[in-house]
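Architecture and fold: a report
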Amino acid sequence: MGSTTSLPTFGRGNPHSNYTAAKRSASSAGTDKQHRKQQSSSSNGANSLARSKSCSNANFGKQQKQHLLQQQQQQNGGLESTVEPATNGSQWHKKQKQQQRLKNLQRPPANGGLVGLNNLGNTCYMNSILQCLSHTEPLLRHFVLERRFQPSAGRNGSGLAKAYANLMLRMWAASASPTGADCTSPTELKQCVAQYAPRFRGYSQQDAQEFLRYLLEGLHEDLNLVSVRPKLPPVDYEHLDLLLDDDKADELWQRYLQQENSPVVEAFVGQLKSTLECCHCSHKSVTFDPFWDLALPIPGKSRTSLDACLKLFTNQETLDGNERPTCDRCRCRRKCVKRFHLYRLPSVLVIHLMRFSGERFKTKLNTLVEYPMELDVSEFLD
Ligand SMILES: [Zn+2]
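Here we summarise the structure given alongside this text. Remember, it's a predicted structure, so these values are computed and weren't measured experimentally. (Residues numbered from 1 in each chain as written. Predicted model: local features only at pLDDT ≥ 70, side-chain atom pairs only at ≥ 80, totals over all residues. Heavy atoms only, no water.)

1. Remarks on the pattern of salt bridges
The full count for this structure, using the stated rule, is 15 salt bridges. Its salt-bridge partner being Asp-307, residue Lys-311 comes within 3.0 Å of it at the nearest N-O pair. With Lys-311 and Asp-307 both in helix H12 (residues 306-314) and four residues apart, this pair spans about one turn of that helix. On the accessibility criterion, Lys-311 (35% relative accessible area) is partly exposed. Shared partners join several salt bridges into a network, and the residues in it are Glu-137, Arg-141 and Glu-146. (Salt bridge = Lys/Arg side-chain N within 4 Å of Asp/Glu carboxyl O. Helix = DSSP H or I, 4+ residues; strand = E, 2+ residues; numbered from the N terminus. Buried < 20%, exposed > 50% of the residue type's maximum accessible area, 1.4 Å probe, protein only.)

2. What to know about the coordination of the zinc ion
Around the zinc ion, the protein supplies Cys-278 (SG), Cys-281 (SG), Cys-327 (SG) and Cys-330 (SG) as donor atoms, at distances of 2.3 to 2.4 Å. Of note is the zinc ion, whose four donor atoms meet at the metal with angles of 106 to 115 degrees in an arrangement that counts as tetrahedral. Of note, the donors binding the zinc ion are all from one chain and are spaced C-x2-C-x45-C-x2-C. Placement of the pair is Cys-278 in strand E5 (residues 270-278) and Cys-327 in strand E10 (residues 326-327), with a sequence separation of 49 residues. Given a relative accessible area of 3%, Cys-278 falls into the buried group. Using a relative accessible area of 4% as the deciding quantity, one classes Cys-327 as buried. (Donors = N, O, S within 2.8 Å, 3.2 Å for Na, K, Ca; no water. Tetrahedral: all angles 85-135°; square planar, octahedral: opposite > 155°, others 65-115°.)

3. A closer look at a negative patch on the surface
On the surface, Asp-236, Glu-238, Asp-246, Asp-247 and Glu-251 cluster together into a patch of negative charge. At three residues, helix H10 (residues 245-257) tops the list of elements feeding residues into the negative patch. Mapping Asp-246 onto the fold places it in helix H10. Overall, the relative accessible area of 47% leaves Asp-246 in the partly exposed class. (Patch = residues over 30% accessible without salt bridge, like charges linked within 9 Å, V, L, I, M, F, W, Y side chains within 5 Å. Areas by Shrake-Rupley, 256 points an atom, 1.4 Å probe, with all protein chains shown as cover. Lys, Arg positive; Asp, Glu negative; His and termini not counted. Charge placed at Lys NZ, Arg CZ, Asp CG, Glu CD.)

4. Quick look at helix H7 (residues 187-196)
Among all positions of H7, only Leu-189, Lys-190, Cys-192, Val-193 and Ala-194 are buried. Those residues of H7 that are buried are in contact with helix H4 (124-134), helix H6 (160-171) and helix H8 (208-223). (Contact = heavy atoms within 4.5 Å.)

5. Overview of the packing of H4 against H6
Following both chains from N to C, one finds H4 and H6 inclined at 75 degrees, their axes separated by 11 Å at the closest point. Classified by the interaxial angle, the pair formed by H4 and H6 is roughly perpendicular. Taken together, the residues of H6 that come into contact with H4 (itself represented by Leu-130, Gln-131, Leu-133 and Ser-134) are Tyr-164, Leu-167, Met-168 and Met-171. Grouping the amino acids of the contact of H4 with H6 by side-chain chemistry returns six nonpolar, two polar and no charged. (Axes fitted to C-alpha atoms, helices over the stretch in contact; angles between N-to-C directions. Parallel < 35°, antiparallel > 145°, perpendicular 65-115°, else oblique. Nonpolar A, V, L, I, M, F, W, Y, C, P; charged D, E, K, R; others polar.)

Structure follows, in structure tokens:
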């Protein structure tokens with residue numbers, strides 16, 4: 001395991017750089033044996049991977065505890081060596097307190113993040129997502145280190161952000177047990193999600209990816225800096241088509257941010273480039289759309305890789321027959337080729353593997369999808 005894969009890192013890296021895979025499930029909480037059994041059968045085939053540099057340690061538990069302790073020791077050593085001589089004792093203490101406060105904001109508590117989650121009854125879909133998110137740096141920073149969870153000015157808030165923050169603070173509380181085997185219940189959070197997404201009432205099995213989307217969108221709604229969404233004029237495609245791709249993407253992104261702008265969007269939302277080319281006149285139509293996760297198809301094999309899924313997703317596709325789109329230049333339906341590229345990458349890339357195939361009779365794909373600890377997506381960027 002390289003240095004980038006072993007410790008939560010708290011500097012924001014280049015969003016266009018490699019991603020580190022987070023391979024952590026609720027089973028690593030080590031508090032719920034039954035959970036492990038249920039998890040394998042309960043996610044309804046929707047595998048969701050939250051990918052983040054901060055969520056990088058595949059073997060949490062004791063190993064992470066040790067890392068954090070080591071980190072704390074190193075940082076404490078650094079603090080001592082950087083304290084400047086003070087001429088006045090009270091000034092020195094004041095400065096030291098300020099420095100400590102600042103450092104407390106910049107790092108998670110040592111011995112924290114080890115509290116597991118109780119299974120409330122088929123809630124492994126929720127626990128696995130919460131465990132991933134609890135170690136996802138932008139959210140950890142926002143909710144636990146900076147404790148910012150009040151609804152933005154002008155918004156009433158659903159209480160979800162507060163419930164999420166309360167849960168994360170409990171999960172990141174210093175473990176009272178040397179084995180880090182404490183656990184807590186996400187009851188309040190589940191009730192808040194169910195208030196606006198009734199499907200999550202009760203204790204039946206649910207889809208982890210759907211829960212993630214509802215949760216992130218709910219947190220975003222509470223924290224959206226835009227209190228009242230302005231009514232925007234329709235997109236002027238004629239004007240946009242005159243721009244270079246980069247300018248076009250920027251303009252559409254700024255338009256999106258005029259309505260949706262929160263720490264959740266900043267962390268999780270990216271922009272996907274879609275290019276449609278007419279096979280008759282070679283006219284290209286390019287659009288840029290925001291995405292919260294990438295839903296990737298799985299090649300029909302018994303074993304494949306995440307890279308192969310990304311390749312399949314970004315492969316050129318021919319649209320013919322009934323699928324022929326209308327070409328803006330030919331002004332009639334033409335055979336076209338379509339391609340996706342990743343354009344703007346979020347800090348945290350969520351990948352959803354589409355395990356259901358077929359239209360009328362959905363069958364589950366049990367293909368084994370291997371993925372690396374560090375994912376290089378540069379090949380799929382444009
Ligand atoms: Zn054409």
